[in-house]
Each structure stands twice: as structure tokens, then as C-alpha cells.
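Structural overview for review
Take a look at the letters that make up each chain.
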Amino acid sequence: MLRLSKLTDYAVVALVRLAQQDEVTTSPALSQATGIPEPTVAKVLKILAADELVISLRGARGGYRLALPLNEISVARVITAVDGPISLTACVDGGECDARTLCGLCGQWDAVNDAIRGALSSITLADMQTRGQAVRGPGAACAAHDISAAGPAAAV
């Protein structure tokens, strides 16, 4: 089964929520707004800042803000920032494979991987935000991210 990590799921939630803020937002405030535990939010924001998806501002009025508008951030970019390159198998894009001599499919997963990478690259976080609002209504929370209910969302 293909599944994103919880950290990637949380990163998407954090980025979309940051876009809804008019000012710099702190990690504890973002945690409260999303229901994601604060240590996890802090970890996600540090990763996103390293990949220049958010800007970290220090000082008494410090916090985080988006570095780019949501329509310029693809789902693929977030996955890559948090989890590394999108690769279905070890041998994708010329990677090492222990079964290369026995498998007979060396290089055949590249087309599948490229299709998935292309699909994820074509969907922006603005698309995700718009679709989410259409399903739940503007401002409605997603139960999957309500930590107080049944726990955090398993990865998407």
C-alpha cells in the first residue's frame, strides 16, 4: 500500500493553516489551531524552513510564515521536503537493487514512479485547500486531524 508519512500529512495541514493566518504564527499557536502536538509542529516547521517552504522569524514577535503562496507549493514538493525523493522501489531512477540479476524488471518501475510523481506535482496545496473547503465547508475542521477525538490521522 502506498501511504504518506504522518509527518508529511501534518506538514500539509500546517502549511494550509499558515496560509490562513494574516500574521506570523508561533509553533504553539499552530499546534492549538491544528490539533497536532506542539513538538511535532515544531519538528515539521523546522523541516519546512530548511526546504524554504516557510520562513522562520526570530525574536519577541517571531514565528513562522509561508515563503510561497499555496498555489506554488505542490504536494510532491512537501513530500520531498519531509520524506525525501518519491521512489516506489529501491531501483527507481537507477537506485541500487539487491535482486537486480533475478528480478528482470530493472527500470520498469520508472514509468510508474514518474506518473505518480507527475500527479503529485500537478496538485498544489491551494487545490487541496479548495477541495477540503468544498467537502467540509469553509472553516470546518477535519476530524482526522482532531487529536482529541480518535487520535492523529494515519498517513494519507
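Quantities reported herein were computed from a predicted structural model and do not represent experimental measurements.

A few words on the side chain of Ser 31. On the secondary structure map, Ser 31 appears in helix α2 (residues 27–34). Residues contacting Ser 31, with those up to four places away along its chain left out, are Ile 36, Pro 37, Glu 38 and Val 41.

Quick look at the nonpolar core now. Counting 30 residues, the largest nonpolar core has Leu 15, Leu 48, Val 78 and Leu 125 as its most contacted members. When residues of this core are traced back to their parent elements, those giving at least two are α1 (6–19), α3 (38–50), β2 (63–66), α4 (75–83) and α7 (125–136). Counting residues per element, this core draws most heavily on α1, at 9 residues. With sequence-adjacent residues up to four places away left out, Val 78 is seen in contact with Thr 8, Ala 11, Val 12, Leu 15, Leu 53, Ile 73 and Leu 125.

Let us now look at the side chain of Ser 27. Positionally, Ser 27 belongs in helix α2. Judged by its relative accessible area of 8%, Ser 27 falls in the buried class. A polar contact of 3.4 Å, which involves the side chain of Ser 27, links it to the backbone nitrogen of Ala 42. Those residues in contact with Ser 27, other than ones at most four positions away along the chain, are Glu 38, Val 41, Ala 42 and Leu 45.

Here is what the cut-offs are and how they apply
Residues numbered from 1 in each chain as written. Predicted model: local features only at pLDDT ≥ 70, side-chain atom pairs only at ≥ 80, totals over all residues. Heavy atoms only, no water. Helix = DSSP H or I, 4+ residues; strand = E, 2+ residues; numbered from the N terminus. Contact = heavy atoms within 4.5 Å. Core = buried A, V, L, I, M, F, W, Y, C linked by side-chain atoms within 4.5 Å. Buried < 20%, exposed > 50% of the residue type's maximum accessible area, 1.4 Å probe, protein only. Polar contact = N/O pair within 3.5 Å; in protein donor to acceptor, adjacent residues only side chain to side chain.

So yeah, pure geometry; function would need other evidence.
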